[in-house]
Amino acid sequence: MSGSRVPAAEFEVEEVLRAAHSAIGGRQEAAVDMLQVLAPDGTMAGGLTAEIDGEPVDFSPYLAATDAAHLRSLYRDMFLVRRFDQESTALQRQGQLALWVPLTGQEAAQIGSGRALQPQDYAFPTYREHGVALTRGVEPAEILRLFRGVTNGGWDPRERNFHLYTLVLAAQSLHAVGYAMGIQRDQLADPSLPEAASVAYFGDGASSEGDIHESMVFAASFNAPVVFFCQNNQWAISVPAAVQTRVPLARRAEGYGFPGVRVDGNDVVAVEAVTRWALDHARSGKGPVLIEAYTYRMSAHTTADDPTKYRLSGDEQEWQPRDPLVRLEAHLRSQGLADGGFFDELAAEARAMATALRDAVLSMTVPDMESRFATVYAEPHPLVQEELRFFQQYEAGFVDEGKHA
Amino acid sequence: MSGSRVPAAEFEVEEVLRAAHSAIGGRQEAAVDMLQVLAPDGTMAGGLTAEIDGEPVDFSPYLAATDAAHLRSLYRDMFLVRRFDQESTALQRQGQLALWVPLTGQEAAQIGSGRALQPQDYAFPTYREHGVALTRGVEPAEILRLFRGVTNGGWDPRERNFHLYTLVLAAQSLHAVGYAMGIQRDQLADPSLPEAASVAYFGDGASSEGDIHESMVFAASFNAPVVFFCQNNQWAISVPAAVQTRVPLARRAEGYGFPGVRVDGNDVVAVEAVTRWALDHARSGKGPVLIEAYTYRMSAHTTADDPTKYRLSGDEQEWQPRDPLVRLEAHLRSQGLADGGFFDELAAEARAMATALRDAVLSMTVPDMESRFATVYAEPHPLVQEELRFFQQYEAGFVDEGKHA
Amino acid sequence: MATMTIAKAINEGLRASLTQDPKTLLMGEDIGELGGVYRVTDGLKRDFGALRVVDSPLAESGIIGTAIGLALRGYRPICEIQFDGFVFPGFNQITTQLAKLRTRSDGMLSAPVVIRIPYGGGIGSVEHHSESPEALFAHTAGLRIITPSNPQDAYWMIQQAVSCEDPVIVFEPKRRYWLKGEVDTSAPAGDPFSAHVLRAGTDATIVAYGPLVPVALAAASAAAEDGRSVEVIDLRSISPIDFDTVTESVTRTGRLIVAHEAPTFGGIGGEIAARISERAFLSLEAPVIRVGGFHMPYPVARVEEHYLPDIDRILEALDRAFAY
Amino acid sequence: MATMTIAKAINEGLRASLTQDPKTLLMGEDIGELGGVYRVTDGLKRDFGALRVVDSPLAESGIIGTAIGLALRGYRPICEIQFDGFVFPGFNQITTQLAKLRTRSDGMLSAPVVIRIPYGGGIGSVEHHSESPEALFAHTAGLRIITPSNPQDAYWMIQQAVSCEDPVIVFEPKRRYWLKGEVDTSAPAGDPFSAHVLRAGTDATIVAYGPLVPVALAAASAAAEDGRSVEVIDLRSISPIDFDTVTESVTRTGRLIVAHEAPTFGGIGGEIAARISERAFLSLEAPVIRVGGFHMPYPVARVEEHYLPDIDRILEALDRAFAY
Ligand SMILES: Cc1ncc(C[n+]2csc(CCOP(=O)(O)OP(=O)(O)O)c2C)c(N)n1
Ligand SMILES: Cc1ncc(C[n+]2csc(CCOP(=O)(O)OP(=O)(O)O)c2C)c(N)n1
Ligand SMILES: [Mg+2]
Ligand SMILES: [Mg+2]
């Protein structure tokens, strides 16, 4: 076989914590093949094949491995979203955001899968998919609107074919399947439409929710063109993935009768290839696919979280050398695919983005309470109207009486 | 290998219906090995082995195949519960029961698994597990109390280690896992307790509910001593199993990292052996097991159902020769393990049971409304007390005024 | 004009919606070949095919959740929940997703999903088959909830639910499915979110909805024999509630009885009593009196007649109201 | 006597329960090493071990459902739901199983499960982290619902919930977690299902609970400056409701304001207004006035101060009550 299939790493540190975590329980993760082409040291395999459902699959047609411009652009996206993440964290620290959800460590999983999407595809994120958002044309500042507390949305999902963040874990997975069923119907009605698929993003923690199961049952039953993209970043806030599953999450797919693959989520080239293959599979009527991107949440769960309470710094350090940016940079440099000028320009671009982001955040319009009454229902609603009138009069009373604080 | 492993049958009739059922969709069931020792023609294999999770398993120690008295007692249980089913159906037709849920066709799955249980095990049924109920010592008449509308329960689950029927599909599966977690804790606290396990019964339809997934996730995570026993009787009311899954349900277990087996649910000997093995597995700390008993609902979903609306009589006829009672009777007779006297006595016993059942049903006490106020809470509750007082005064008013109908 | 049952009227209403809008589809358990356990979708799969009338896997969250996804893609799914007591596995999708999608998107997205739920008791059935959970949905903003009490309303209200841009839950009074009435298929019955005065009166008002509307009308007839002129209002819409119609009535009659099958405590009757007590405070000659279920799980079939509000219970409440 | 926050008081109460009864255990998401996102279970895993303080898989139906199974085996599970808005995946297990088990078994089975839910807004958080869904549970018979408003109550009420044979949902006012007060750990605070009169008054009564109790007290103080003597009742128990205490108060004061953060429509305030209007009809000088959230999903953080009932909203309601 070309390419390499390395067994998923075993983390001694995690082993210790895991033992501490469960006095009862047979939580142990079986070793499993994980698809990878770009190794942590920056060396790249020439191709990638695997056996899926007993059939050999050659991912080579989907691999960008030899296209220097494309590799640089993947690196650019990852670099920019990491910079975006850092700037957002800073904005939160400075009190400009209520909360921030960092993605550091998951850039390859997100950029790789996001870049695999076609414009006509539609993705359903959870809340950490800033990288995917950027690949869909969502503006960095739009993402921050939610975290500044001025909206629960932030962008027009219909324009970007990228749904709003869904905070109730796993709920969006069913929406993705329903949306895929709609794509299927549209295509039956008009076969000239471009083939399309939807993607459901969710985490290792969310995988335990009943909605994930039901979405896989429906997807299999209707053979819906949907790709389930699970970022197994090892943690659900403070709970290690071993509490959710003792075998690789990719194996869940077997029970529903569709393919499941585990890919090195820190290898942007492999993630992109596998996702492109999966999307092709779904779009062409072959049904759903589950991808488990094996990665690591290098930062806190959110800016409100304190990972030192539950994970050892050694654990975090162990992942440093597998950083998705570091390895692609090493590859670009060692193969002479990008020169110093490229990295300098990128740094400048990132700085400019950060400055623009900061300006945009500081000048964000805050909605007024009155506007909140307008979006509860699409059609007139007497109770909402009555309460709005009450609110207006109540507020006006303060103006009259000068009572307001 | 000893014993036989036959591929699950393909049903042409169902194929037609299935095609009609789904214009879109890739619903097709892969052939799969199904464990069987007692063939439909009454011939019995000498042993049973299988490969589970890559390991060879020999079920011979669990097989009753050569114990004539035991085989006769299995037949007796199946015969009696079928008679019970017929009598209950008759009682419903005569207006003595509000509803009846027949089990005809599933006797082997239920008696085989129920007889595998030890007294210290605890089973959680859905609503069709009358056969299991009888093996747990529940009285036939107790089962009918629910269907006569005098209770939602019917027996003391703590006495029989057999939970009440749960009508919200799949909900009881989580209770079984929690109960198993309790067994585990009890055993840690007092290792001298007999090893025990719980069993969750559910159907092919219920398998699609999120609660089934969450119960498997929890069971795997805590390595709970629970056996999931799925009776795939091909139908969820009018919906064929192919709508719920396109691969054998037993395969779901793979995704959670515990063993799953498909057994011929109409072969009482194999069902008992496989369940005894699974219970041993669970009780001895090796964790959960999923058993799919492949069977067929030979009758209507309930007495309120009309299967002619959705399934072809040819489909039903095809299953006649695989009747679980017929094949064991053929075996007993052909091998000279039971004589005419045995069958005559059994028929007489069944008649007596039916008569007693009818008497018991007709003399069942109907609860009064007042008693309903007593079981809402364990501790005093002012609102319930107030409403009870109202009700008593209200009823008394009618007595006074002679107004009551 | 045609005479038909409520079940048939809903069937015809669904048929009309399926005919008019190719984006509509039905989803649910056993709604295809079987035509639903109450045969409300009878014949629709035959006539519109398996793509428009979909027997789903057995999972309520899955039904509602995929319906939301279909709606996001421009479809108008009409979901059937088989019985009132089985809606709860789908509660999360209804409450946190369906109801909130419009607000979450600042008005950009709609989810015009219809959820049909046969509800209520009086059918001698087993646990979970006789409940009235409407209050558990009414408290959540973003949803609309209607319940027809006769074939004419049933025919039109289901279609109006389908064409509404907001998510609508249609509670269908299952023990009245076979109640017959005239249906005019030529003109809609007006605003589905308005209450209807079914019987005029001057001394007291009874508000009821769904299965209790015939009971309220019978109670008013019985009261008339005692010389009491009782107005009867069919609420029709539980969210929003047409408080204007109820207030107008109560300011004339001075007394209000609210009847529903759901338990009184925390039920929708409390909302009506509170709001009307506020709006018509000076007109009320007696407190608003609620007639409803007791604070207990719906009781077993053999005693349900003692649990369900009936004519006598409403008359007793009227007696109390007149005693002030 | 010790001074502590509500969060610490609950922590100490849980510690006491875990110490006294070996059958108790905590289950939830992130309650172990992390000590919960609000640190309410801080240190408990360290002291009682992973068998008593269980980080469960991420699935609320799983948490409640397995807790029911554990209870059937004789355990007393105390479940934590991470935030109000995330209880809904567990709604089915709570509503159709936990609440109904005793009735289903004709009184043979108990399910003494405790469910802790941090609730309410005012913390500047994102969607689903600021809701008050108590009414959605109060309507279901079989459950008990309590909500402490101060450390003393918090310390005892959590323990009383644990020792109650019925399932109890404890709604914890999350924006008051850091509110400090004296805790007497020597004697329980009495019946956890009774209301407490926190401030005596003669002209009007305010009923509040959980996070709004301090607001109600502040409003009463402000009203006193205007010469109005306002009684304040901390409801403490939402199911059952101590109507006797409220009725007694209102028959004296003649006016009632009910305040909660949950939307008014279909909220628990409607139940209180309806019942008190009936019980104290002849004593009421004004209709019961409700102060609550608007009929909309909880709004984004930047406007929540306009949504949440505050002192001014309560004073305005008092003005209206006095205007009759
Ligand atoms: C239904 C639900 N329950 C609980 C939460 C609270 N919560 C938010 S994030 C989180 C952990 C999620 O872990 P995972 O799915 O692995 O995603 P990650 O944060 O690692 O990206 C939890 C428990 C929630 N948002 N929704
Ligand atoms: C949560 C829930 N949804 C719907 C129903 C209504 N219902 C009762 S039985 C049934 C089919 C069940 O099929 P299966 O699980 O295969 O069990 P079987 O009846 O075949 O034994 C349905 C849909 C229910 N009881 N619970
Ligand atoms: Mg994670
Ligand atoms: Mg079945």
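Small disclaimer: the values here were computed from a predicted structure and weren't measured. (Residues numbered from 1 in each chain as written. Chains lettered and ligands numbered in written order. Predicted model: local features only at pLDDT ≥ 70, side-chain atom pairs only at ≥ 80, totals over all residues. Heavy atoms only, no water.)

**Student:** Got a minute to help me understand the domain arrangement of chain A in this structure?
**Tutor:** Per the domain assignment, the segments making up chain A are domain 1 (27–362) and domain 2 (372–404). One C-alpha centre belongs to domain 1 of chain A, the other to domain 2 of chain A; they are set 42 Å apart. (Domains from an automatic or database assignment.)

**Student:** Please clarify how the domain arrangement of chain C should be interpreted in this entry.
**Tutor:** It is common to give the size of an interface as the accessible area that goes away when the parts come together. Residue and element names in this part refer to chain C. By domain assignment, chain C separates into domain 1 (2–183) and domain 2 (196–323). Measuring from the centre of the C-alpha atoms in domain 1 to the corresponding centre in domain 2 gives 26 Å. Taken together, the contacts link 27 residues of domain 1 with 24 residues of domain 2. At the boundary of domain 1 with domain 2, the tally comes to two salt bridges. With its nearest N and O atoms 2.4 Å apart, the salt bridge here joins Arg175 to Glu261. Counting across the domain 1 and domain 2 interface gives 12 residue pairs in polar contact (both at pLDDT 80 or more). Ranked by the residues each element gives to the side of domain 1 that touches domain 2, the list is headed by strand S6 (residues 144–146), at three residues. (Contact = heavy atoms within 4.5 Å. Salt bridge = Lys/Arg side-chain N within 4 Å of Asp/Glu carboxyl O. Polar contact = N/O pair within 3.5 Å; in protein donor to acceptor, adjacent residues only side chain to side chain. Helix = DSSP H or I, 4+ residues; strand = E, 2+ residues; numbered from the N terminus.)

**Student:** Would you mind going over the pattern of salt bridges with me for this structure?
**Tutor:** As a working rule, side chains carrying opposite charge can pair if their charged atoms are close by. This structure, assessed with the given rule, holds 92 salt bridges over all chains. Asp186 of chain A is the partner of Arg73 of chain C in a salt bridge, and the nearest nitrogen-oxygen pair spans 2.7 Å. Of this pair, Arg73 of chain C sits in the loop between helix H3 (60–72) and strand S4 (76–80) while Asp186 of chain A is found in helix H7 (residues 171–189), placing the two residues in two different chains. Sharing partners across several salt bridges, the network here consists of Glu386 of chain A, Asp244, Glu271, Arg275 and Arg279 of chain C together with Arg290 of chain D.

**Student:** So what exactly am I meant to see when it comes to the sheet that holds strand S7 (residues 168–173) of chain C here?
**Tutor:** What holds strands together in a sheet is hydrogen bonding between their backbones, with the strands either parallel or antiparallel. All names here are of chain C. Taken in spatial order, the seven strands line up as S3-S2-S4-S5-S7-S6-S12 in an open sheet, and their pairing is mixed. Pairing within the sheet leaves two strands with one partner each, and these edge strands are strand S3 (53–55) and strand S12 (237–239). On average, each strand axis in the sheet is inclined to that of its neighbour by 20 degrees, with strand direction left out of account. In the sheet, strand S2 (residues 24–28) pairs with S3 via three bridges, with the strands oriented parallel. Opposite Leu26, over in S3, you have Val53 as the bridge partner. (Pairing = 2+ DSSP bridges. Axes fitted to C-alpha atoms, helices over the stretch in contact; angles between N-to-C directions.)

**Student:** I tried to follow the site of ligand 1 on my own but got confused; where do I start?
**Tutor:** What surrounds ligand 1 is a group of 21 residues, the closest being Tyr127, Arg128, Leu167 and Asn233 of chain A together with Glu60 of chain D. Of the chains in the model, those with residues near ligand 1 are chains A and D. In this structure, a nitrogen atom belonging to ligand 1 sits 2.5 Å away from a side-chain N or O atom of Glu60 of chain D. For the shell around ligand 1, the class distribution of residues is 10 nonpolar, five polar and six charged. (Near = heavy atom within 4 Å. Nonpolar A, V, L, I, M, F, W, Y, C, P; charged D, E, K, R; others polar.)

**Student:** What's the story with the interface of chain D and chain B in this structure? I'm lost.
**Tutor:** On the chain B side, the residues contacting the 48 residues of chain D number 42 residues. With both sides pooled, the region where chain D packs onto chain B buries about 3700 Å², and carbon together with sulfur makes up 59% of that total. When residues of chain D are sorted by the area they lose upon contact with chain B, Arg73, Arg104 and Met108 of chain D head the list and together hold 18% of the total. Where chain D touches chain B, the interface holds five salt bridges. When contributions to the side of chain D that touches chain B are tallied by element, the ones reaching two or more residues are strand S2 (24–28), strand S3 (53–55), helix H3 (60–72), helix H4 (91–98), helix H5 (101–104) and helix H10 (268–279) of chain D. Of all the elements, H3 of chain D adds the most residues to the side of chain D that touches chain B, at 10 residues. (Buried area = accessible area lost by both parts, 1.4 Å probe.)

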